[in-house]
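Observations on chain architecture
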Amino acid sequence: MSEFQTVRGMRDFLPEEAKMMRYIEAQARRVAELYGYKEIITPVVESYELLSAKAGEEVRSRMFVFKDLGGRDVALRPEFTASVARLVATTLRNEPRPFRLFCIGSIYRYDEPQRGRYREFWQSNYELMGSSKPEADAEILMLTNSLMREAGLRKFAFKVGHVGVLRGLFNQEKLEDKVQSAIMQLMDKKQYDEALKLVEDAGASEKCMTTLRELVELKGSNVLVIVDKIEELVKGYEKSVEAAKNLREILELVSKSGFKIDMTVEAGFARGLEYYTGIIFEVYVLDMDIALGGGGRYDRLIELFGGEPTPAVGVAHGIDRIMLAVQTQKSMQEIGRGKKVVVIPIKEELRAEALKVSQMLRDAGISVEVEVMGRKMAKALEDADRRKMNFAIIVGERELKEGAIVIRNLATREQSTVKIEKILDAIKD
Ligand code: HAM
């Protein structure tokens, strides 16, 4: 039999990576709790019809689709939003609004594997459903900012746009829905020339074309100034003007609330998912050109799934990518803060004492591994070194008589005799 490997695009997480992943996950849960988002767990497998309804061509074409043994067309979830919307359209339909719902788990997309792009990846996803107010959009931006900070990232920035600006133009020009979606997909991939060509071919007016050409060039970090310019540019397109005003309201709320968020507004920004109706955004770190998270407002999805009209806004963060960014920014010292200790008895008769000391340290919140292989001291220390433990506690007869142990700093190789009740102080130093 040939040597087995993981399927292309799939990864194993070895202990270090698994630990990092769980750490980011813990931060995501903490943020959910801080903002009042309740966790729900939805299935990995959903009906293809549900998942594909508004996923957009890009995501739709990359779904893992199959027939189950009952002949149903199903797929592995390429995101959480459709599942959450399904729940709110059905089981939760009569529950009081707003909903603040949190999901965390694995997501599947047949993307071309590369650094930060996998076929199985993890998202933390937050949906705020039932409010059309700008403070709801502001909350999702602030929550994302909090998560990035909690994860340990320092330098990151938001790219922000509003789907309503472009849709307002296209609707007034009476472009068909299908054509609009195709244009947005191209814009999402920054293929602006091709996108503009489609608009032109669809019979848009010269005024529309001029406006669009200027819009796709318009971006900047002086966000309120850029929004003013957008509003000025789209004059005469009523819905687009409304969209610009909505964007201004959200951004003003964020800045007046004292939140310092590094942001750029891009008038020609589009996202691949088709359900967005309002603000859209993505988060980036300076040294990586892939998004760590993305989201936006989608006011009609729940209705589309047969539920009550329910405006909604949400975001998903790519846990794998946050891990990469954190590693790149080397801000992981905090994770390593917990010192790692091995406890080694000098001889068999001292095993019980070794267990006792270990337990005492664990009770104080220190991570302890006790020697269980019966190795000689030198071998056990060598192994502790290899595994990058911080301290070895050596339990010997002579010291024990004095109520003490020997503590060895594995980095400096210094060792000293310390009273058992003082071990914690020695480790903390
Ligand atoms: P999305 O932008 O498609 O949005 O994905 C969100 C995040 O998932 C991305 O920013 C990225 O960090 C991560 N991600 C996407 N594809 C991959 C991949 N192949 N490998 C690793 N990470 C990846 C959504 O999924 C929407 N459901 C967000 C949302 C929620 N909008 C409203 N509510």
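Residue positions within a chain follow its written sequence, with the count starting from 1. Local features in this predicted model are restricted to residues whose pLDDT is 70 or higher, and side-chain atom pairs enter the listing and the counts only when it is 80 or higher, whereas totals over whole chains, interfaces and linings include all residues. With hydrogens and water set aside, each side-chain value is computed from the structure's full complement of heavy atoms.

1. Here's the deal with the sheet that holds strand β4 (residues 73–76)
- Any two strands with at least two DSSP-identified bridges between them are counted as paired. Think of it this way: any DSSP run of H or I at least four residues long counts as a helix, any run of E at least two long counts as a strand, and we number them from the N terminus. Read from one edge to the other, the open sheet built from 3 strands follows the order β2-β4-β3, with strand pairing classed as antiparallel. On the outer flanks of this sheet lie β2 (45–47) and β3 (65–67), each paired with one strand and no other. Looking at each pair of strands side by side, their axes are set apart by 40° on average, direction ignored.
- Sheet topology places β3 next to β4; 3 bridges connect them, and they run antiparallel. Bridge assignment links Lys-67 to a residue of β4, and that residue is Asp-73. Orientation is described by axes fitted as lines to C-alpha atoms, over the contacting stretch for helices, and by angles from 0 to 180 degrees between their N-to-C directions.

2. Looking at the pattern of salt bridges
- A carboxyl oxygen of Asp or Glu within 4 Å of a side-chain nitrogen of Lys or Arg is what we treat as a salt bridge. Summed over the entire model, instances satisfying the criterion amount to 33 salt bridges.
- A salt bridge links Arg-213 to Glu-206, with the shortest nitrogen-to-oxygen separation between them at 3.9 Å.
- What makes Glu-206 exposed here is its relative accessible area of 53%.
- Between Asp-385 and Arg-413 there is a salt bridge; the shortest N-O distance is 3.5 Å. A residue pair is termed long-range when its members are at least 10 positions apart, and Asp-385 in helix α15 (residues 377–386) and Arg-413 in the loop between β16 (404–409) and β17 (415–419) qualify at 28 residues. Using a 1.4 Å probe on the protein chains alone, a residue whose accessible area is under 20% of its type maximum counts as buried, one over 50% counts as exposed, and one in between counts as partly exposed.

3. What to know about the pairing of strand β15 (residues 391–395)
- Here β15 lies mainly inside the structure; 5 of its 5 residues are buried.
- Residues Phe-391, Ile-393 and Val-395 of β15 are buried on one face, and the alternating residues Ala-392 and Ile-394, pointing to the opposite face, are buried as well.
- Sheet analysis places strand β13 (residues 340–345) next to β15, joined by 5 bridges and oriented parallel. Bridge assignment links Ile-344 to a residue of β15, and that residue is Ile-394.
- Inspection of the sheet shows β15 paired to β16 by 4 bridges, in the antiparallel sense. For Ile-394, the partnering residue across the bridge sits in β16 and is Val-406.

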